[in-house]
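Chain by chain, the residues run as shown.
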Amino acid sequence: MISDSQQKLRQGALLAIAAYTMWGIAPIYFKLLSGIPAIEILSHRVIWSFFLLAILLHCNRRWKIVQRIITSRINMLYLFCSTSLIGLNWLIYIWAINSGHVLEASLGYYINPLINVILGMVFLGENLRKLQWIAVMLTICGVLVQLIAFGSVPVVAIALASSFAFYGLLRKKVNLNPQVGLFVETLLMLPVAAIYLFWVADTPTVNFFNNPITLNLLLVSAGLVTTLPLLCFATAATRLKLSTLGFFQYIGPSLMFLLAVLMYGEPFTLDKVITFAFIWTALIIFSFDGINYNKHLHKPV
């Protein structure tokens, strides 16, 4: 018979897999909207996420938490900054997917955990272990090889990784429920998104009445695509150790990598082969160090 703790671990693992799988196959959804400007898709993502999150908050009776957050100047300052970063991250991501840069986007999310480690050292006073230093240096080498030998910089990858890493750092400072935090962030972005859609945008798809119903359904689904994996992730985080959860994070970029090469035919050129080789080696070392450290931490004295 399975105990309650084992049941929670199993549910947590399944939810983590679901979250990272949805994030990994999200390019399929955004490719269906490839004829629409990235900023227009982003505006729909913000608006429909706002309404969906509002319904969820109402069902979970969390409006008092939202009110407490909004009336706190320091929390709102952090959330204003995190909103700017997540908005930029979403915009770059959508543009990258619809401009044939899925491979570089996947590289960004491979790099992200290693940038998190660096930010933890710089801003939170965390010390890097020897193997973590090696992993970070390998990542830097991978980017430098592409720059020096091939004269190109993975700008999209670096922008995605750094914006999401700084976003995570700010959200760590605020320490909010993911659902509440994302609602406030979409609330802050809502006026800009609404102004763009209703007064600035001048595209054939901006008017719902002129669109086929399938396109309108896809646009409205942006809210579900945004919030559903986040809710799965948030629930998984309450059932799994952070170290365990971290090992699932490579599902997303791995699926994106496969989609880029096998489905969308993006060229896996020599410069990318070398860079990915450095990054994958760094992640193997990084994961090995995490496993060893976790075992040592929980070793009986």
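Residues numbered from 1 in each chain as written. Predicted model: local features only at pLDDT ≥ 70, side-chain atom pairs only at ≥ 80, totals over all residues. Heavy atoms only, no water.

Engineer: Teacher, can you tell me more about the packing of aromatic side chains here?
Structural biologist: Note on aromatic pairs: each is described by the distance of the centres and the angle between the planes. Under the definition given, this model contains 22 aromatic pairs. When the ring of Trp 23 is compared with that of Phe 233, the centres are 5.8 Å apart and the planes differ by 55°; the resulting orientation is tilted. One end of the pair, Trp 23, is in helix α1 (residues 4-31); the other, Phe 233, is in helix α10 (residues 222-239), with 210 residues separating them in the sequence. On the numbers, 6.2 Å between centres and 80° between planes, the contact of Tyr 109 with Phe 164 is edge-to-face. (Phe/Tyr/Trp six-rings, centres within 6.5 Å; stacked < 30°, edge-to-face > 60°. Helix = DSSP H or I, 4+ residues; strand = E, 2+ residues; numbered from the N terminus.)

Engineer: What is the right way to read the environment of Cys 81 from this model?
Structural biologist: Structurally, Cys 81 is set in helix α4 (residues 73-98). Look at Cys 81 and you get partly exposed, because its relative accessible area is 33%. Separated by 89 residues in sequence, Cys 81 and Leu 170 have C-alpha atoms that sit 7.7 Å apart. (Buried < 20%, exposed > 50% of the residue type's maximum accessible area, 1.4 Å probe, protein only.)

Engineer: Hey, could you run me through the packing of helix α9 (residues 213-220) against α10 in this one?
Structural biologist: When two helices pack together, their arrangement is given by the angle between their axes and by how far apart the axes lie. Contact pair α9 / α10: the axes reach a minimum separation of 3 Å and the direction vectors enclose 30°. Taken together, α9 and α10 sit at an angle that is classed as roughly parallel. Together, Leu 218, Leu 219 and Val 220 of α9 and Ala 222, Gly 223 and Leu 224 of α10 make up the contact between the two elements. (Axes fitted to C-alpha atoms, helices over the stretch in contact; angles between N-to-C directions. Parallel < 35°, antiparallel > 145°, perpendicular 65-115°, else oblique. Contact = heavy atoms within 4.5 Å.)

Engineer: Teacher, can you tell me more about the side chain of His 44 here?
Structural biologist: Residue placement: His 44 occurs in helix α2 (residues 38-60). Note on His 44: relative accessible area 4%, which makes it buried. Residue contacts for His 44: discarding those within four places in its chain leaves Ser 49, Leu 197, Phe 208, Leu 219 and Ala 222.

Engineer: How should the nonpolar core be read in this particular structure?
Structural biologist: Soluble globular proteins tend to bury their nonpolar side chains together. Among the nonpolar cores identified, the biggest contains 74 residues, and Phe 30, Tyr 93 and Phe 183 are the most heavily contacted of them. By residue number, the principal contributor to this core is helix α5 (residues 102-124), which donates 11 residues. When near neighbours in sequence (up to four residues on either side) are disregarded, Phe 183 contacts Phe 50, Leu 53, Ala 54, Leu 57, Trp 63 and Val 66. Core analysis: the next-biggest nonpolar cluster, separate from the first, contains six residues, Ala 16, Tyr 20, Ala 236 and Phe 248 among them. (Core = buried A, V, L, I, M, F, W, Y, C linked by side-chain atoms within 4.5 Å.)

Engineer: I would appreciate a short explanation of the pattern of salt bridges in the present structure.
Structural biologist: For side chains of opposite charge, pairing can occur when their charged atoms come near one another. For the structure shown, the criterion picks out two salt bridges. Across the salt bridge formed by Glu 185 and Arg 171, the nearest N and O atoms sit 3.2 Å from each other. Taken together, the positions of Glu 185 in helix α8 (residues 178-200) and Arg 171 in helix α7 (residues 155-174) put the pair 14 residues apart, joining distant regions of the chain. On the accessibility criterion, Arg 171 (13% relative accessible area) is buried. (Salt bridge = Lys/Arg side-chain N within 4 Å of Asp/Glu carboxyl O.)

Engineer: Just checking my understanding: could you explain α1 for this structure?
Structural biologist: The periodicity of an α-helix, 3.6 residues per turn, causes residues three or four places apart in sequence to face the same way. Taking 1.5 Å per residue, 28 residues should reach 40 Å; α1 reaches 41 Å between its end C-alpha atoms and fits that length. The largest bend along α1 reaches roughly 40° and is located at Ile 25, with the proline Pro 27 sitting one to four residues downstream. All of the buried residues in α1 are Gly 12, Ala 16, Ala 19, Tyr 20, Gly 24, Ala 26, Pro 27, Tyr 29 and Phe 30. (Expected span 1.5 Å × (residues − 1). Bend = angle between axes of the 7 residues up to and from the residue.)

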